[in-house]
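# Structural overview
Listed here are the chains, written in short residue letters.
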Amino acid sequence: MDHSPWKRELPMASLKTDEDLKGWLVGCDKDIGGFSEANLEITKNGTGRFFGQLSLDLPENESVEKSGYAGCRTKTKESSIFGTPVWDTCLFEYLQLKVKGDNRKYFVNLQTDGVVPTDLYQHRLFLKTPGEWETVLIPFKDFILTNQGFIQEDQIEIFRERVKNVGISIIDRTSGPFELEIESISAVNTCADPNAHEGDDH
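A few points on the structure. Since the model is a prediction, treat every value here as computed from it, not as a measurement.

This part takes up the overall build of the protein chain. Check the secondary structure of the protein chain and you find one helix and 14 strands. A globule of 202 residues ought to have a C-alpha radius of gyration of about 17 Å, and the protein chain, at 17 Å, matches this closely. Reported as C-alpha extents along the three principal axes, the dimensions of the protein chain are approximately 55 × 40 × 35 Å. The buried share among the 202 residues of the protein chain stands at 45%. For the protein chain, contacts bridging at least 24 residues in sequence account for 75% of all contacts bridging at least 6. Here the protein chain has roughly 11,300 Å² of accessible surface; of this, 50% comes from carbon and sulfur atoms. In the protein chain, the 22 positive side-chain charges and the 34 negative ones have mean positions that sit 4 Å from each other.

Next up on the list: the environment of A196. Within the element layout of this structure, A196 appears in the loop between β13 (176-188) and β14 (197-198). Setting aside chain neighbours within four positions, we find A196 in contact with T135, L137 and C191.

With that settled, consider unusual backbone geometry. A positive phi angle, close to 55°, is found at R173, a residue other than glycine. Relative to the elements of secondary structure, R173 occurs in the loop between β12 (163-170) and β13. Judged by relative accessible area, R173 falls into the partly exposed class, the value being 45%.

Here we come to the nonpolar core. Counting residues in hydrophobic clusters, the biggest one holds 39 residues, and the most contacted among them are F50, L95, L110 and I182. Among the elements that line this core, the one with the most residues is β13, at five residues. Residues in contact with L110, not counting those within four places in the same chain, are L95, L120, Y121, F140, F143, I158, V163, N165 and V166.

Let's shift gears to a nonpolar patch on the surface. Taken together, the side chains of I32, Y69 and I171 present a nonpolar region at the surface, about 250 Å² in accessible area. Within the secondary structure layout, Y69 lies in the loop between β4 (48-54) and β5 (70-74).

Our next topic: the sheet that holds strand β7 (residues 106-112). Strands belonging to one sheet form pairs held by backbone hydrogen bonds; the direction of such a pair is parallel or antiparallel. On the basis of which strands lie adjacent, the open sheet formed by seven strands has the order β2-β5-β12-β7-β8-β10-β11 and antiparallel pairing. Of all the strands in the sheet, just β2 (24-28) and β11 (150-151) have a single pairing partner and so form its edges. Bridging between β7 and strand β8 (residues 119-125) involves five bridges; their strand directions are antiparallel. If you follow V108 over to β8, its bridge partner there is H123.

Reading guide: rules and limits
- Residues numbered from 1 in each chain as written.
- Predicted model: local features only at pLDDT ≥ 70, side-chain atom pairs only at ≥ 80, totals over all residues.
- Heavy atoms only, no water.
- Helix = DSSP H or I, 4+ residues; strand = E, 2+ residues; numbered from the N terminus.
- Rg over C-alpha atoms; globule rule 2.2 N^0.38 Å.
- Buried < 20%, exposed > 50% of the residue type's maximum accessible area, 1.4 Å probe, protein only.
- Contact = heavy atoms within 4.5 Å.
- Areas by Shrake-Rupley, 256 points an atom, 1.4 Å probe, with all protein chains shown as cover.
- Lys, Arg positive; Asp, Glu negative; His and termini not counted.
- Charge placed at Lys NZ, Arg CZ, Asp CG, Glu CD.
- Core = buried A, V, L, I, M, F, W, Y, C linked by side-chain atoms within 4.5 Å.
- Patch = residues over 30% accessible without salt bridge, like charges linked within 9 Å, V, L, I, M, F, W, Y side chains within 5 Å.
- Salt bridge = Lys/Arg side-chain N within 4 Å of Asp/Glu carboxyl O.
- Pairing = 2+ DSSP bridges.

Just geometry here; none of it tells us what the structure is for.
Below, the structure is given as structure tokens:
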């Protein structure tokens, strides 16, 4: 997306309608023979519900050494002669998420149009009021570079001009059900919600 003059908010993703749902992908270890289940749906209240069941049981495939993960993310928009459509978040300080979760351990994931396609920038999604709606602000500068689930020794600053998708994953090594509702994700400088909090564990 083109560089634009200053504005308060850059909407990146929402989960309010069936049309919104078409722009998301869902995956879990079941895709490689595991036993977890993951789903994404629109609730009757017009919010997204990412839910399922994590299983740590290993598949018969001997090349898989650990299991128990699930995730959802926005679809990367199709490339054209002008390149891959992306979000330019340079003018914004925070990634803002409006969510309602449980006590499980979630991560927020950003993928950029960088050199290594498997690079993923991650940050823990800290929820202060499980079971209630909350607005979480995560500074873009706090995202950590990972690849295949491992933190990279050489930390390269996130390519904020070319963010191509955003998602949420659960990898807490605990079997059992999970549920996280998602309303919207955006890039912001300020937040109108007086109860919003930065996404840390303090």
